[in-house]
Structures are given as structure tokens and as C-alpha cells.
Amino acid sequence: MSGSPNDEDELEKLRQEKMEKLREQQQGQGQADAETQEAMQEQAEAQKKALLRQYLTDGARQRLNSVKMSKPQFGEQVEQQIIALARSGRVQGKIDEEKMKSLLRELKPDSKSFNIRR
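Residues numbered from 1 in each chain as written. Predicted model: local features only at pLDDT ≥ 70, side-chain atom pairs only at ≥ 80, totals over all residues. Heavy atoms only, no water.

Colleague: Give me the lowdown on helix α4 (residues 97–107), citing residues and values where you can.
Modeller: Turning to α4, its buried residues are Met100, Leu103, Leu104 and Leu107. Looking down the long axis of α4, one finds its buried residues gathered within 100° of arc, a one-sided arrangement. Opposite the packed face of α4, turned more than 90 degrees from it, sit the exposed residues Arg105 and Glu106. Each element contacted by the buried residues of α4 is listed here: α2 (58–70) and α3 (72–88). (Buried < 20%, exposed > 50% of the residue type's maximum accessible area, 1.4 Å probe, protein only. Helix = DSSP H or I, 4+ residues; strand = E, 2+ residues; numbered from the N terminus. Arc of directions from axis to C-beta. Contact = heavy atoms within 4.5 Å.)

Pasting the structure below:
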């Protein structure tokens, strides 16, 4: 009824080899997907930088970079807003430093002040 111990061992070895091959294939596919996704992110980042370079003067870019260094999330929000304005065609010419200052003031979240009295 039962096979010889050698046959069972051979079957177990074949199963193990098959499982290893399947794991390797899955890992290979995962790496390919990750590389593709990384390439797409790099391409999107390059497009974003090109758009910003096209629509911002040097002074405005420097101001945006300093904002991004101090408040990364707010800097990203400002970048997205500028890109949206540029793509919709609502930007005439380049955004200079003064326009950037007013845009930053508009987008700046309301600061909450607390008055504590005793």
C-alpha cells in the first residue's frame, strides 16, 4: 500500500525543488514590479522638476526649496498647486519671487494662536 521510503523521499525532494522555483519566480516578479514602479516615479519627478523650472524664476525656486526644507509637506502642496495652475493654463509668464510669496501666503495654513489667561 505505501511506497518504499526511497520513493517518498524522492517525492518530497521534488516538492521542495518545485516550491523553491516558485518562490524564486515570485521574488523575480516582485523585483521587476518594484523596478518598473521606481522608474515611473523617477520619470514623474523629472517631469515635475522640468515644469517647475519652466514656470518659476530662480528666486522663486530658491524660496520654494527653502520652504520645502523647513516644511516638506507644505512645500509639496505648493509644488502640486503650481503644477496644477501651470497645466490649467492659469500661469502667464513666469512666477517670480513676489508672486511666490503671495502664493505661499494664500496656501499657508491658518496658524492657531492660543491665549492662556490665569
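Colleague: Can you explain the environment of isoleucine 116? Please cite residues and give values.
Modeller: Assignment of secondary structure puts isoleucine 116 in the segment after α4. When the C-alpha atoms of isoleucine 116 and alanine 50 are compared, they prove to be 47 Å apart, with 66 residues separating the residues in sequence.

Colleague: Quick one: what's the story with the pattern of salt bridges, residue by residue and with numbers?
Modeller: Throughout the structure, instances matching the rule amount to 10 salt bridges. Salt-bridge contacts for glutamate 12 lead to arginine 15; the nearest nitrogen and oxygen are separated by 3.6 Å. In this pair, glutamate 12 and arginine 15 both sit in helix α1 (residues 5–55), three residues apart, roughly one turn of the helix. Here the salt bridges do not stand alone but share partners, grouping Glu45, Lys48, Lys68, Glu76 and Glu79 into one network. (Salt bridge = Lys/Arg side-chain N within 4 Å of Asp/Glu carboxyl O.)

Colleague: Which residues make up the layout of surface pockets, and what are the values?
Modeller: Taken as a whole, the largest pocket spans an internal volume of roughly 160 Å³. Listing elements by their share of the lining of the largest pocket, those giving two or more residues are α1 and α2. If one sorts the elements of the lining of the largest pocket by residue count, α1 sits on top with five residues. Looking at the lining of the largest pocket residue by residue, the classes come out as three nonpolar, one polar and seven charged. (1 Å grid on protein atoms, 1.4 Å probe; cavity = no way out; pocket = protein on both sides within 12 Å on 5 of 7 lines; lining within 4 Å. Points joined across faces, edges and corners; volume = space filled by probe spheres on them. Nonpolar A, V, L, I, M, F, W, Y, C, P; charged D, E, K, R; others polar.)

Colleague: Can you explain the confidence of the model for the protein chain? Please cite residues and give values.
Modeller: Summarising the model, the protein chain shows a mean pLDDT of 85, and 92% of its residues fall at 70 or more. Per-element averaging of pLDDT across the protein chain places α1 at the bottom with 84 and α2 at the top with 93. (pLDDT = per-residue confidence, 0-100.)

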